[in-house]
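Take a look at the letters that make up each chain.
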Amino acid sequence: MNFIRIFTIQIIQLLLSQSLFAQTNDSLGYVYHEGVLHAIKNKTTLTLFELKPMVRNNPAAFAHFKKARRVRNIGTAMNVVSCAALFYGIVTNNDTEFLISLGVSSVLTSLNIALLPEPYNKAMLACINEHNKKYRVEKNWE
């Protein structure tokens, strides 16, 4: 029962995002929300789909972007497997299978929460910094 509450809270936290101000119109800013770094531009939080075209022309930033996207995809896959294990545990009639699937689901969710935000945040921060560095060079601000 606690897992369902935790999973529901995670979904709500994922859906809620904050919008903050970027430094200039073309540069990227960032904000940490619930321990996860989000890129922002023009007062709007960017998704990975929105960020990709912006960093595609910069090879260094795009390499960091791909690493961040890979980490996010691993987390999504872990969440899907965790939900599948939980669903299997709910529909089964065997108490042992229920407890095993509940344990697998909780371990995967815990690993996802504990291990994946840090590499994602590092890669995303490096992507934003590389993008802004190239932008400053193009505008001769350095």
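Residues numbered from 1 in each chain as written. Predicted model: local features only at pLDDT ≥ 70, side-chain atom pairs only at ≥ 80, totals over all residues. Heavy atoms only, no water.

## Side note on the pairing of strand 2 (residues 36–41)
Point 1. Within strand 2, five of the six residues are buried, which leaves it mostly tucked inside the rest of the structure.
Point 2. The turn joining strand 1 (residues 29–33) and strand 2, which pair antiparallel and follow one another in sequence, is formed by two residues; a positive phi near 55 degrees is taken by Glu 34.
Point 3. Pairing analysis gives two bridges linking strand 2 to strand 3 (residues 44–45), with the strands arranged antiparallel. Bridging across to strand 3, Lys 41 finds its partner in Thr 44. (Buried < 20%, exposed > 50% of the residue type's maximum accessible area, 1.4 Å probe, protein only. Helix = DSSP H or I, 4+ residues; strand = E, 2+ residues; numbered from the N terminus. Pairing = 2+ DSSP bridges.)

## Describing the confidence of the model for the protein
Point 1. Taken over all residues, the pLDDT of the protein has a mean of 83, while the share at 70 or more is 82%.
Point 2. Note on residues 17–24: pLDDT is under 50 here. Beyond four places in sequence and across chains, it has 23 contacts. (pLDDT = per-residue confidence, 0-100. Contact = heavy atoms within 4.5 Å.)

## Overview of the packing of helix 3 (residues 59–91) against helix 4 (residues 95–115)
Point 1. At a minimum axis separation of 8 Å, helix 3 and helix 4 run at an interaxial angle of 160 degrees. Judged by the angle between their axes, helix 3 and helix 4 are roughly antiparallel. Here helix 3 runs over helix 4; the crossing is left-handed. Touching Gly 75, Met 78, Asn 79, Val 81, Ser 82, Ala 85, Leu 86, Tyr 88, Gly 89 and Ile 90 of helix 3 are Glu 97, Phe 98, Ser 101, Leu 102, Val 104, Ser 105, Leu 108, Thr 109, Leu 111 and Asn 112, all from helix 4.
Point 2. In terms of residue class, the contact of helix 3 with helix 4 is made up of 11 nonpolar, eight polar and one charged. (Axes fitted to C-alpha atoms, helices over the stretch in contact; angles between N-to-C directions. Parallel < 35°, antiparallel > 145°, perpendicular 65-115°, else oblique. Left-handed = near helix turned anticlockwise from the far one by under 90°. Nonpolar A, V, L, I, M, F, W, Y, C, P; charged D, E, K, R; others polar.)

## Points about a nonpolar patch on the surface
Point 1. Residues Ile 4, Phe 87, Tyr 88, Ile 90, Val 91, Phe 98 and Leu 99 make up a contiguous nonpolar surface patch of roughly 690 Å² in combined accessible area.
Point 2. Of all elements in the fold, only helix 3 and helix 4 reach the threshold of two or more residues within the nonpolar patch.
Point 3. The element that contributes the greatest number of residues to the nonpolar patch is helix 3, accounting for four residues.
Point 4. Here Leu 99 lies in helix 4. (Patch = residues over 30% accessible without salt bridge, like charges linked within 9 Å, V, L, I, M, F, W, Y side chains within 5 Å. Areas by Shrake-Rupley, 256 points an atom, 1.4 Å probe, with all protein chains shown as cover. Salt bridge = Lys/Arg side-chain N within 4 Å of Asp/Glu carboxyl O.)

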